[in-house]
Amino acid sequence: MTKLNKLCLFLLLLPIIIFAGNSDRFGKIEGKVFDKNTMNPLPSANVIIEGISFGCATDIDGKYSIPDVPTGAYKVIVSMMGYRVMEKTAVVLPDQTAKLDFPLIESPLETEPLVVTATRTPRYIKDVPVRTEVITNKMVEEKNAANLYEALDGLPGVRVEQQCSYCNFSMVRLEGLGPDHTQVLIDGQPTYSGLASVYGLQQLGTADIDRIEIVKGAGSALYGSGAVAGAINIISKEPSRIPETNVSMEFGNYNTYNFSLFASKKINKTGIILTAQKHGGNAIDQSGDVERKPDGYSDRVKSNNMNAGFKITADTLFGNDRLTIDGKAVYEYRQGGLMTDDTYDNPFTESTERIITNRYESKLGYNKIFEYDNELNFTLATTFHRRNATNDTYLGDYMATHHDSVPSIDEMRPYIADENLYALNLNYLQPFLKKHRFLFGLQYSHNRLEETGKYVVVDEDDPDYGTPYTSTSDKHADEFGAYIQDEFSLIEPILEIVAGARYDFHNSEDNFRGSGDVAPEGVPPVKYKESAFNPRFAIKYRLFQNLTLRSNIGTGFRVPYGFSEDLHLCSGSPRVWKGTDLKPEKSLSINFSMDYGTDKLNLSASVFHTELDGKIGFVDASEAARRLGYTYEWKNIDDAYVQGIEMGGSFLLVDNLRLDANFTINDGKYKHEREDWIETPYHSESKYISRIPRYTTGLKFSFTPMNWEFMLNGNYQGPVYIDYHRDDEEPTEIKKTEPYLIVDAKVSKHLFGKFTIFIGSKNMTDYIQPERHTDDAAFIYAPLFGRTIYGGIKIKI
């Protein structure tokens, strides 16, 4: 046989050789997890293989089985809330089963150990090089949080706030920086953006949330634009081997309600989850003058919110892999503003707002683990978000320009916005020499936002003064990113380094067009083509067995597209101007942290500092922008910085009595006085970045005797500097607010292993912001309504 024939025969047989070779290069890990003291099995314990995205949960008998594991030595980690995490080493041989049993020891301070946000790879939380904080599902239930806003409220270094009493526009701040600096992810994907950034915190329910991971500091090296302050990752629940159905019903004053359904089942290799949630309540008007008399304007809007979703998983379709398909639908109706009987229900009347939201999410994910622990992850996520909103912008401007005459109802039109978002992520994990774990990834996203609204020309110098017109806008953006990362274990498990970088290219265009004689051909489109390179370096050093030190430094950027404040105004266009001279923000962040933990004590401390180059701010339109018909504009105001110290601790005082405490100090300033404040008495105060609390502190007591749970939680917020814009006849001020205390409490009783009844109160101190100004709906820094009381029942079927 010639050499050529031998080569051809070899090539023909190569696929068979590979296939046959792969079939006997996998093994299995199985065993049992149980309580060491009682020997009782522990169902729903998490069993993972460190470094690869595969694992399982124990069944009702505490047993687990992980098939199709590539041959080699692995660290297997078992965790469960209320128990100390346990690790063992398993050696997997071809076609053989490695058996490992785990006798867990109780530890009330132990928290959820598996996180993915910091490095895009699953890591045990105490070993991850980049410090990660976790809000577990138990913590969400303990707070009785119906939505994401309530789940994040009160967390150190995180501030959720409202900026409009008419519509309850809400936002999240991370380390003092606003929502446009914080990347909110849903299962690791950037599908929470644009329209969702205005009301989404209160629209996304908690029935399907497994945990929320928070990574503070430079995040652009992994997640691209917007992750200057860090990332908040909402992780949804996974199907469990133990069939589970939970029904919850809750009622409170002001017709507050929250109903939820969660069902999960896994049969062989297929799992399914179904979730549904409905929550809302009546409008509340309590804050007014210093005597707390209602002023006739809503403080909490009337709302009716519905979430429904599903998740389907299929394991071992083609070896060691998982396919995930999930979807979610959100509907919400909210209404606020002037609450007089004759106007409130009419969405087109003066000082009222009504917003109807329809949102649909879908996601396809595939994870495949190859030989030698190589891992492939692919995700395609899509979102359609529609908003139908009305306010009195058109009515007020028409009356002001037509001697208080009222336009025909036929002329009234809602603001309509449709947003389509597609996000694609592909990455590959390659271990190397047992010390390196290389991650290579590509990410692409496409966002398209179409808006239409009706307005009136209000510039008295414009020849079209008083003319109604329809304004439309078409905004679209394409972003492409490529990232690389190496997790390098120098001395396992003592010293580890993470080095990574990402290159991003952003291409966007904003098009605006009017009607009639007002910009019928449109104004020149605003185009942006920007690129950015962002490195990150992190180090973790385990000084002692219970003491870990971490440091993280990296750069970030924020492109001028999709600002939440644009979409809050419901004015699409062309009321907010973004000129071509607007530049992306750039940042440099550094932080140091320390974590110390034992069975009865956890302590943490971190110091952070972020420099912002060309911080973008929202200001009144310049004369040039006003001539184009704009009322507001975005501007690179100045360079700035934010910095602070965060400290926290958890203490097991006695059996079943736990104390959690935290304290933060924050500082955020522009490097110079803001230009539009220099000639005012508040020029020195204008250097402070608005709405950053100077300090915060929190205390939470948890007592769990027998089948009871008692929780008392207090949060003390320090003063903030906040801009106050009066009517045109009075000057504008910068006010320094007074500190305040908010206390929440909850009592629960578990009955017969299937029922939980609970009662609680939020804002028990009945604190209401003492100073309120209806001429500035954004002047909000504290609760606008007082104590609420709720009670309900949760049933496990």
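### Points about the overall build of the chain
A tally of regular secondary structure across the chain gives eight helices and 41 strands. Relative to the globule expectation of 28 Å for 797 residues, the C-alpha radius of gyration of the chain, 28 Å, shows essentially globular dimensions. With the C-alpha coordinates of the chain rotated into their principal frame, the extents come out at 95 × 75 × 50 Å. Looking at the chain as a whole, 55% of its 797 residues are labelled buried. A sequence separation of at least 24 residues applies to 66% of the contacts in the chain between residues at least 6 apart. Carbon and sulfur atoms make up 59% of the accessible area of the chain, which amounts to about 34,300 Å² in all. For the chain, the distance from the average position of its 85 positive side-chain charges to the average position of its 109 negative side-chain charges is 9 Å.

### Let's talk about the sheet that holds strand β6 (residues 86–92)
Read across the open sheet, the four strands follow the order β3-β2-β5-β6; overall the sheet is antiparallel. A strand with exactly one partner marks an edge of an open sheet, and here the two such strands are β3 (55–57) and β6. When the angles between neighbouring strand axes are averaged without regard to direction, this sheet yields 20 degrees.

### Examining the pattern of salt bridges
A complete count under the given rule lists 45 salt bridges for this structure. The residue glutamate 87 makes a salt bridge to lysine 75 at a minimum N-O spacing of 3.8 Å. Of the two residues, glutamate 87 is situated in strand β6 and lysine 75 in strand β5 (residues 72–79); the sequence distance between them amounts to 12 residues. Residue classification places glutamate 87 among the partly exposed positions, given a relative accessible area of 35%. One salt bridge in this structure joins aspartate 187 and lysine 363, with 3.9 Å as the shortest N-O distance. Of this pair, aspartate 187 sits in the loop between β14 (182–186) and α4 (196–203) while lysine 363 sits in strand β22 (residues 352–369), and the two are 176 residues apart along the sequence. Looking at lysine 363, the relative accessible area reads 15%, which means it is buried. Connected via shared salt-bridge partners are Arg131, Glu133, Lys216, Arg550, Asp595 and Glu646.

### Overview of the nonpolar core
Inside soluble globular proteins, nonpolar side chains tend to come together where they are buried. With 33 residues, the main nonpolar core has Leu152, Val172, Leu201, Ile212 and Ile214 as its most contacted residues. Per-element tally for this core: the top contributor is helix α3 (residues 148–152), with four residues. The residues contacting isoleucine 214, other than those within four sequence positions of it, are Arg131, Thr132, Glu133, Ile135, Leu152, Leu155, Val158, Leu174, Ala231 and Ile232. One finds Cys164, Tyr455, Ala532 and Phe557 within the second-largest nonpolar core, a separate group that totals 24 residues.

### Some remarks on the confidence of the model for the chain
Per-residue confidence for the chain averages 86 on the pLDDT scale, and 91% of its residues sit at or above 70. Predicted confidence is poor over residues 7–23, with pLDDT under 50, and the contacts of this stretch with residues over four places away or in other chains come to two contacts. When the criterion is pLDDT under 50, residues 570–574 qualifies, and its contacts beyond four places in sequence or with other chains add up to 24 contacts.

### Considerations on the sheet that holds strand β16 (residues 230–236)
In spatial order, the strands read β11-β15-β16-β14; together these four strands make up an open sheet with mixed pairing. This sheet does not close on itself; its edge strands, each paired only once, are β11 (133–136) and β14. On average, adjacent strands in this sheet sit at an angle of 15 degrees to one another, irrespective of strand direction. By the bridge criterion, seven bridges tie strand β15 (residues 209–216) to β16 in an arrangement that is antiparallel.

### Some thoughts on the environment of serine 551
Checked against the element boundaries, serine 551 lands in strand β29 (residues 547–558). Accessibility expressed as a relative area gives 15% for serine 551, which makes it buried. Put simply, serine 551 and arginine 131 are 420 residues apart on the chain and 8.4 Å apart in space, counted from C-alpha to C-alpha. Those residues in contact with serine 551 that lie beyond four places of it in its chain are Phe537, Ala538, Ile539, Asn591 and Phe592. From its side chain, serine 551 meets the backbone oxygen of asparagine 591 in a polar contact 3.3 Å long.

### Details of unusual backbone geometry
In this structure, proline 493 follows glutamate 492 across a cis peptide bond, with omega equal to -5 degrees. Position of proline 493 among the secondary structure elements: in the loop between β26 (468–491) and β27 (495–513). The residue aspartate 95 is not glycine, and still its phi comes out positive at about 55 degrees. With respect to the helices and strands, the residue aspartate 95 is situated in the loop between β6 and β7 (97–99). Overall, aspartate 95 belongs to the exposed group, its relative accessible area being 59%. Phi is positive for aspartate 187, close to 55 degrees, though the residue is something other than glycine.

### Considerations on the pairing of β26
Taken together, the 21 bridges between strand β25 (residues 436–456) and β26 define a ladder with antiparallel strand orientation. Of the residues in β26, the one forming a bridge with glycine 441 is tyrosine 483. In this sheet, β27 lies alongside β26 in antiparallel orientation, the contact comprising 19 bridges. By the bridge assignment for β27, glutamate 479 is matched with histidine 506. As consecutive antiparallel partners, β26 and β27 are separated by three residues.

### Side note on the packing of aromatic side chains
Throughout the structure, instances matching the rule amount to 19 aromatic pairs. Measuring from centroid to centroid gives 6.2 Å for tyrosine 455 and tyrosine 469, while their planes differ by 45 degrees, and the two rings are tilted. Here tyrosine 455, found in strand β25, pairs with tyrosine 469, found in strand β26; they are 14 residues apart in sequence, far enough to count as distant. Their ring planes at 85 degrees and their centres at 6.4 Å tell us that tryptophan 677 and tyrosine 682 sit as a pair that is edge-to-face. With relative accessibility at 4%, the residue tryptophan 677 sits in the buried group. Among the aromatic side chains, those forming a connected cluster through ring pairs are Phe251, Tyr257 and Phe259. Lying across the ring of phenylalanine 102, lysine 88 places its NZ or CZ 5.4 Å from the centre. Taking NZ or CZ as reference, lysine 237 lies 4.2 Å from the ring centre of phenylalanine 262, over its face.

Rules used in this analysis
For every chain, the first residue of its written sequence is number 1, and the numbers climb from 1 along that sequence. Per-residue local features of the predicted model are confined to residues with pLDDT of at least 70, and side-chain atom pairs are confined, for both listing and counting, to 80 or more; whole-chain, interface and lining totals are unaffected and use all residues. Heavy atoms from the whole structure form the basis of all side-chain values; hydrogens and water molecules are not counted. Runs of H or I in DSSP of at least four residues are treated as helices and runs of E of at least two as strands, each being numbered from the N terminus. The quantity called the radius of gyration is restricted to C-alpha atoms. Its globule counterpart is 2.2 Å times the number of residues to the power 0.38. Exposure categories follow from relative accessible area, calculated using a 1.4 Å probe and restricted to protein chains: below 20% of the type maximum is buried, above 50% is exposed, and the middle band is partly exposed. By the convention used here, residues are in contact when the closest approach between their heavy atoms is within 4.5 Å. All accessibility values rest on the Shrake-Rupley procedure with a 1.4 Å probe; residue burial counts only the protein chains present in the view. We count Lys and Arg on the positive side and Asp and Glu on the negative side, and we leave His and both chain ends out. To locate a charge, take atom NZ for lysine, CZ for arginine, CG for aspartate or CD for glutamate. Strands qualify as paired when DSSP identifies two bridges or more between them. The axes are straight lines fitted to the C-alpha atoms, using for helices just the contacting stretch, and the angles between their N-to-C directions are given from 0 to 180°. Salt bridge, as used here: a side-chain nitrogen of Lys or Arg that lies within 4 Å of a carboxyl oxygen of Asp or Glu. By convention a nonpolar core is built from buried Ala, Val, Leu, Ile, Met, Phe, Trp, Tyr and Cys residues, the set being connected through side-chain atoms within 4.5 Å. The pLDDT value expresses, per residue, how confident the predictor is, ranging between 0 and 100. N or O atoms closer than or at 3.5 Å make up a polar contact, with two conditions inside protein: a donor-capable atom paired with an acceptor-capable one, and, for residues adjacent in sequence, both atoms drawn from side chains. For Phe, Tyr and Trp, where Trp contributes only its six-membered ring, two rings pair if their centres lie within 6.5 Å, and the inter-plane angle classes them as stacked under 30 degrees, edge-to-face over 60, or tilted in between. By definition here, charges over rings are those cases where NZ of Lys or CZ of Arg is within 6 Å of the ring centre and within 35 degrees of the ring normal.

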